[in-house]
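What follows is the residue order along each chain.
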Amino acid sequence: MRKLVAAISGTLIAAMPASAQQHAHAHGRLALDVAIDAQSITVQIESPLDSLVGFEQAPRTDAQRKRVADMVARLNAADRLLQVDPRAECKLSKIELESATLGLGTTKKPPEEPAGEHADIDITAVFACAKAGEARFIDTKPLFDAFKGIRTIDAQVASAQGQSKRVLRPDSARLSWGR
């Protein structure tokens, strides 16, 4: 069973960058990928910057710099935005933010991407869990509440129970899987 979970998780994690590239850049729409293995839950999010801060260029004003700082602070507390099923006994163990436009992480802007257009942020949150396999949901309502520019989330999950996809909205924000 552990080999199966590792294979599923490894496959999804390996495919995530490719799937992230396939997601169309649409304001208000995030891509959220979840991989569950024996001791961790990894969540990867790709979002247009506009959905989180309301603009898509490096901040130019004090107000924009404050919005970016507030966004970064909120995302660094991902366990408040993404509430994992308490049965899994998880704690946020790692958060990575990548945005070439904002100078976060090690991302380099592709040469074909014009400066200031269609800027994204990639977020990876890893939760260390005592019982990751017991998790049956992640509540994303706090993410919708924190960032009013998010209208939908295209979510997919890979776990020992299989793979699934779902579109989340503010009024149906719980991503469930398994039995």
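Preceding this section is the structure that the text describes.
Residues numbered from 1 in each chain as written. Predicted model: local features only at pLDDT ≥ 70, side-chain atom pairs only at ≥ 80, totals over all residues. Heavy atoms only, no water.

(A) Representation of the sheet that holds strand β1 (residues 29-36) within the structure. The strand order across the open sheet built from six strands is β4-β5-β2-β1-β7-β8, with neighbouring strands paired in mixed fashion. Looking at the sheet topology across the chains shown, the edges are occupied by β4 (90-98) and β8 (162-168). Taken pair by pair, the neighbouring strands of this sheet meet at an average axis angle of 15°, ignoring direction. Where helix α3 (residues 62-76) meets the sheet, it contacts β4 and β5 (120-129), and its direction lies at approximately 145° from that of β4. (Pairing = 2+ DSSP bridges. Helix = DSSP H or I, 4+ residues; strand = E, 2+ residues; numbered from the N terminus. Axes fitted to C-alpha atoms, helices over the stretch in contact; angles between N-to-C directions. Contact = heavy atoms within 4.5 Å.)

(B) Broad picture of the packing of aromatic side chains. Summed over the entire model, instances satisfying the criterion amount to zero aromatic pairs. Positioned above the aromatic ring of Phe-147 is the side chain of Arg-74, whose terminal nitrogen or guanidinium carbon lies 5.6 Å from the ring centre. Its end group placed over the ring of Phe-137, Arg-174 keeps NZ or CZ at 3.6 Å from the ring centre. (Phe/Tyr/Trp six-rings, centres within 6.5 Å; stacked < 30°, edge-to-face > 60°. Lys NZ or Arg CZ within 6 Å of the ring centre and 35° of its normal.)

(C) Spatial organisation of the pattern of salt bridges. In the structure shown here, the tally under the stated rule is seven salt bridges. When the shortest N-O distance is used, the salt bridge between Lys-94 and Glu-96 registers 3.0 Å. (Salt bridge = Lys/Arg side-chain N within 4 Å of Asp/Glu carboxyl O.)

(D) Spatial organisation of the sheet that holds strand β6 (residues 137-139). Across the sheet, three strands lie side by side as β3-β6-β9; this open sheet has antiparallel pairing. What marks the edges here is a single partner per strand, and that holds for β3 (83-84) and β9 (174-176). Note that β6 and β9 share three bridges and pair antiparallel. Within β9, the residue paired with Ile-138 across the bridge is Leu-175.

(E) Highlighting the state of the cysteines. For the coordinates displayed, the defined rule picks out one disulfide. The disulfide partner of Cys-90 is Cys-129, and the S-S distance across this bridge is 2.0 Å. On the sign convention where negative is left-handed, the bridge of Cys-90 and Cys-129, at about 105° about the S-S bond, is right-handed. Residue Cys-90 is located in strand β4, and its partner Cys-129 is located in strand β5; the two are separated by 39 residues in the primary sequence. Since its relative accessible area comes to 7%, Cys-129 is described here as buried. (Disulfide = S-S within 2.5 Å. Buried < 20%, exposed > 50% of the residue type's maximum accessible area, 1.4 Å probe, protein only.)

(F) Region of interest: the nonpolar core. Ranked by size, the top nonpolar core spans 44 residues in total, and within it Ile-41 and Met-71 carry the most contacts. For this core, the elements supplying multiple residues, two or more each, are β1, β2 (40-48), α2 (49-53), α3, α4 (78-81), β5, α5 (141-146) and β7 (152-159). Top element by residues in this core is β5. It accounts for five residues. Among all residues touching Ile-41, those that are not within four sequence positions of it are Val-34, Ala-35, Ile-36, Val-84, Cys-90, Ala-125, Val-126, Phe-127, Cys-129, Ala-132, Ala-135 and Ile-138. (Core = buried A, V, L, I, M, F, W, Y, C linked by side-chain atoms within 4.5 Å.)

(G) Inspection of the pairing of β5 at higher detail. Within β5, seven of the 10 residues are buried, which leaves the element mostly enclosed by the surrounding structure. Here β4 runs beside β5; their pairing, made up of eight bridges, is antiparallel. Within the sheet, the bridge partner assigned to Lys-91 lies in β5 and is Ala-128.

(H) The arrangement of α3 in detail. End to end, α3 covers 21 Å across 15 residues, agreeing with the expected 21 Å (1.5 Å per residue, within 8%). Within α3 the residues assigned to the buried category are Gln-64, Val-68, Met-71, Val-72 and Leu-75. The arc that holds every buried residue of α3, seen down its axis, measures 100°, which confines them to one face. Residues of α3 that are exposed and point over 90 degrees away from its buried face: Asp-62, Ala-63 and Lys-66. Looking at the buried positions of α3, the neighbouring elements they touch are α2, α4, β4 and β5. (Expected span 1.5 Å × (residues − 1). Arc of directions from axis to C-beta.)

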